[in-house]
Amino acid sequence: MNYDMLLLRFGEFTLKGKNRNRFEKTIITHIQSILASYPAAEIQKEYGRLYVALNGEDHGKLTDELKKIFGVYSISPVVVCPSQLDKIVETSASFLEQMDLQKETTFKVTARRVWKAFPHSSHEMNHLVGSPILKKFDSLKVSMKEPELQLRVEIREQGTYIYCEVIPAVGGFPRGSNGKAMLLLSGGIDSPVAGFTSMRRGLEVECVHFYSYPFTSRKAKEKVMELAKVLSGYTGEVKIHLVPFTEIQTSFTGHGQDNLIITLMRRSMLRIATMLAEREGALAIVTGDSLGQVASQTLPSMNVIGRATELPLLRPLIMMDKSEIIEVSKQIGTYELSILPYEDCCTIFVPKSPSTNPNLRIVERIEASLTNLQTMLEEAVGRTETVVLTLDSVIEADREDGIDEEWF
C-alpha cells in the first residue's frame, strides 16, 4: 500500500488547557528527533493533530517508531486526494483495490466533513462514497454496527484524507513534561515496567542500579544495561547511574538481625537515590513495588523503608497483579531480558525468613551502630558511574574508559 501521510492523534493532554501548547511542542521535538533518520518526511501541524508527510519514506518503519512516542494516542496511514466528489470516490475505490478483498467482508463508510464549504454533508458522503464502492466490490457487505472494514473519509479544505487503519500508540503525556524522577532499576520484571509506566505519565526517568561486585557478574550488569536500552527506545535516551553497593551490603551482616537485611539494604538504596536525585535535579523516586508481592513490599515493610527519604516515593505498580505486570513487560519488550537468570544485589544475602513487619526502632538502632554508614553512602555516590544509553549504543559516559573495570 502506498500512503501519502501519517495522521497522529494526541492523547489526554489535549484536555489540559494552558499546558496544551507546551505538550505539543514537546511531542514535535520528539518527532523531529526521529525524523532525522527519515530526511524526506515532514511534519504538518493542525489543531489537535499532527501529520507526517511521507514523501516516499517507508510508512511501516516510521509508524513503528512514532507509535512509541509518549503523548501520541493513535496513528493512521492515509492517502490524500483533492476535496472534490469525483476524486474522493475514485481514490476510495483505488485505495480498496490495494487490499485483499477476496472473501466476504462487512463494511461501512464513515465520512467527516471538516470543511463546511464542501457541498455535501457527512451523511450524504457516506452514501455517495459507499454506493459505488459496493457496486464495484461484490465481497463487501454493509454493516453499520461492527464492520470488519471501515473506510474513513475526512474532508478538509486542503485535501481529503482516506484511511482504514487506526494503530494504537502508547498515549500518556509527552516525554519529560511532568518533571524528573530516579528509578530504582533491578534486573527483575517489575522495575522496568515501573519505569515505562512513569515515563508514560510524562516523567523523565534516570535509572539507578546497585551492583555488588564480585557477587554480581558482568552478565548481570549487561542485562540491566539492555533493559535500560529498551526503555530508551521510548524516549531517545536514558541515563543510568551504576552504584557500587558491596561494602554497604556486607556491613549489614553479623548483627544478629539477618531477617532485617533486606529492609536495611533498601533504606540505604533510597538514601543513595536521594543523594543522586538532589545532584541531578530529580523530585521523586520510582520503585517497582507491588503490594504484598515479597517481604519488603508488605505495607509495614514499605512504611519502614520509605522513611529513609523525604522525597516522594512513586510506586506505579502497587496495586497490580503479577500477571498484569508480566503482560505489560511483554508488550514493552523487557520480559525476555528480565527472566534471564543473572543475579542482582537484591538476590544475594537474602535471609531464609526476611521480616514482613520490621520494627523501625530496631532498624534505626542497627543503622546507628554503623558509625561509618553515612561515609559509605557518600563514597558510593562518589564512585557511581553514569552512562547515557540509546537503543543502539552507549553515547556518553562520565569516564573516558566507560564502565569501571571492576565490573569484569
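Cut-offs used in this document
- Per-chain numbering applies: the sequence of each chain, read as written, is numbered from 1 onward.
- In keeping with the model being predicted, local features are shown solely for residues with a pLDDT of at least 70 and side-chain atom pairs are shown and tallied solely at 80 or more, while totals for entire chains, interfaces and linings include all residues.
- Only hydrogens and water are removed before side-chain values are computed, so all heavy atoms of the structure are retained for them.
- Runs of E in the DSSP output that reach at least two residues are strands. Runs of H or I that reach at least four are helices, and both are numbered from the N terminus.
- Note on exposure labels: buried denotes an accessible area under 20% of the residue type's maximum, exposed denotes more than 50%, and partly exposed covers the range between, all computed with a 1.4 Å probe on protein chains only.
- When checking whether two residues touch, look at their non-hydrogen atoms; a contact exists if any pair is within 4.5 Å.
- Residue exposure ignores everything except the shown protein chains as possible cover, and the areas themselves are Shrake-Rupley values with a 1.4 Å probe.
- Only four residue types enter the charge count, namely Lys and Arg as positive and Asp and Glu as negative; His and the chain termini do not.
- A single reference atom marks each charge: NZ on Lys, CZ on Arg, CG on Asp, CD on Glu.
- Patch building starts from residues that exceed 30% relative accessible area and form no salt bridge, then joins like charges within 9 Å and nonpolar side chains (Val, Leu, Ile, Met, Phe, Trp, Tyr) within 5 Å.
- For this analysis, a salt bridge means a side-chain nitrogen from Lys or Arg found within 4 Å of a carboxyl oxygen belonging to Asp or Glu.
- A pair of aromatic rings is counted whenever rings of Phe, Tyr or Trp (Trp by its six-membered ring) have centres within 6.5 Å, and the orientation is called stacked for planes under 30 degrees apart, edge-to-face for over 60 and tilted otherwise.
- Should the NZ of a Lys or the CZ of an Arg lie within 6 Å of a ring centre and within 35 degrees of the ring normal, that charge is described as sitting over the ring.
- When DSSP finds at least two bridges between two strands, those strands are taken to pair.
- Interaxial angle, 0 to 180 degrees, is taken between N-to-C directions of lines fitted to C-alpha atoms, where a helix line uses only the stretch in contact.
- Comment on the angle field: the value is read as roughly parallel under 35 degrees, roughly antiparallel over 145, roughly perpendicular from 65 to 115, and oblique elsewhere.
- Crossing handedness is defined as follows: a turn of the near helix away from the far one that is anticlockwise and smaller than a right angle gives a left-handed crossing, while the clockwise case is right-handed.
- Gly is put with the polar residues, along with every residue not named as nonpolar or charged; the nonpolar set is Ala, Val, Leu, Ile, Met, Phe, Trp, Tyr, Cys and Pro, and the charged set is Asp, Glu, Lys and Arg.

**What about the overall build of the chain?**
In terms of helices and strands, the chain carries 13 helices and 16 strands. In terms of overall dimensions, the chain has a C-alpha envelope of 85 × 45 × 40 Å along the principal axes. The buried share of the chain, reckoned over its 408 residues, is 51%. Counted over contacts in the chain with a minimum sequence separation of 6, partners at least 24 positions apart contribute 78%. Per element, the accessible surface of the chain, about 19,300 Å² overall, is 49% carbon and sulfur. When the 46 positive and 52 negative side-chain charges of the chain are each reduced to one mean point, those points stand 6 Å apart.

**Focus on a nonpolar patch on the surface**
Residues Leu291, Leu299 and Met319 make up a contiguous nonpolar surface patch of roughly 350 Å² in combined accessible area. Position of Met319 among the secondary structure elements: in the loop between strand E14 (313-314) and helix H10 (322-332).

**Examining the packing of aromatic side chains**
With the rule as written, the count across this model stands at 8 aromatic pairs. Taking 5.7 Å as the distance between ring centres and 55 degrees as the angle between the ring planes, the aromatic pair formed by Phe70 and Phe196 counts as tilted. Taken together, the residues Phe70 in the loop between helix H2 (59-66) and strand E4 (72-81) and Phe196 in helix H5 (residues 190-200) connect sequence positions 126 residues apart. Ring plane angle 70 degrees and centroid distance 5.1 Å describe the contact between Phe196 and Tyr234, whose orientation is recorded as edge-to-face. Within this pair, whereas Phe196 is found in helix H5, its partner Tyr234 is found in the loop between helix H6 (218-232) and strand E12 (238-244), the two being separated by 38 residues in sequence. Phe196 sits in the buried class, given a relative accessible area of 9%. Since its relative accessible area comes to 6%, Tyr234 is described here as buried. In this structure an aromatic cluster arises from ring pairing among Phe70, Phe196 and Tyr234. One Lys or Arg, Lys68, reaches over the ring of Tyr234 and ends 5.3 Å from the middle of that ring.

**As for the side chain of Ser198**
With respect to the helices and strands, the residue Ser198 is situated in helix H5. Ignoring anything within four residues of it in the chain, the contact list for Ser198 reads Leu203, Val205, Val286 and Pro316.

**Topic: the pattern of salt bridges**
Taken as a whole, this structure holds 16 salt bridges when the rule is applied. The residue Lys322 makes a salt bridge to Asp190 at a minimum N-O spacing of 2.8 Å. Taken together, the residues span a long stretch of sequence, with Lys322 in helix H10 and Asp190 in helix H5 at a distance of 132 residues. With relative accessibility at 33%, the residue Lys322 sits in the partly exposed group. Residue classification places Asp190 among the buried positions, given a relative accessible area of 10%. In this structure, Arg315 engages Asp289 in a salt bridge whose closest nitrogen and oxygen atoms are separated by 2.9 Å. Of this pair, Arg315 sits in the loop between E14 and H10 while Asp289 sits in the loop between strand E13 (285-286) and helix H9 (299-306), and the two are 26 residues apart along the sequence.

**Topic: the pairing of strand E3 (residues 49-53)**
Burial of E3 is extensive: 5 of the 5 residues sit out of reach of the surface. The side-chain alternation of E3 yields two buried faces, one formed by Arg49, Tyr51 and Ala53 and the other by Leu50 and Val52. Pairing of strand E1 (residues 5-10) with E3 involves 5 bridges; the strand directions are antiparallel. Across the sheet, residue Leu7 finds its bridge partner in E3, namely Tyr51. One ladder, built from 5 bridges, connects strand E2 (residues 42-46) with E3; its direction is antiparallel. By the bridge assignment for E3, Gln44 is matched with Tyr51.

**Comments concerning unusual backbone geometry**
Phi is positive for Asn55, which is not a glycine, with a value near 50 degrees. Mapped onto the elements, Asn55 comes out in the loop between E3 and H2. For Asn55, a relative accessible area of 47% corresponds to the partly exposed category.

**Brief notes about the packing of helix H8 (residues 261-280) against helix H13 (residues 373-382)**
When two helices pack together, you describe them by how their axes are tilted relative to each other and by the distance separating the axes. Two elements in contact, H8 and H13, have axes separated by 10 Å at closest approach and are oriented at 50 degrees. Taken together, H8 and H13 sit at an angle that is classed as oblique. Judged by the sense of rotation from one axis to the other, the crossing of H8 with H13 is right-handed. Touching Ser268, Arg271, Ile272, Met275, Leu276 and Arg279 of H8 are Leu373, Gln374, Leu377, Glu378, Ala380 and Val381, all from H13. Residue composition of the contact of H8 with H13, grouped by class: 7 nonpolar, 2 polar and 3 charged.

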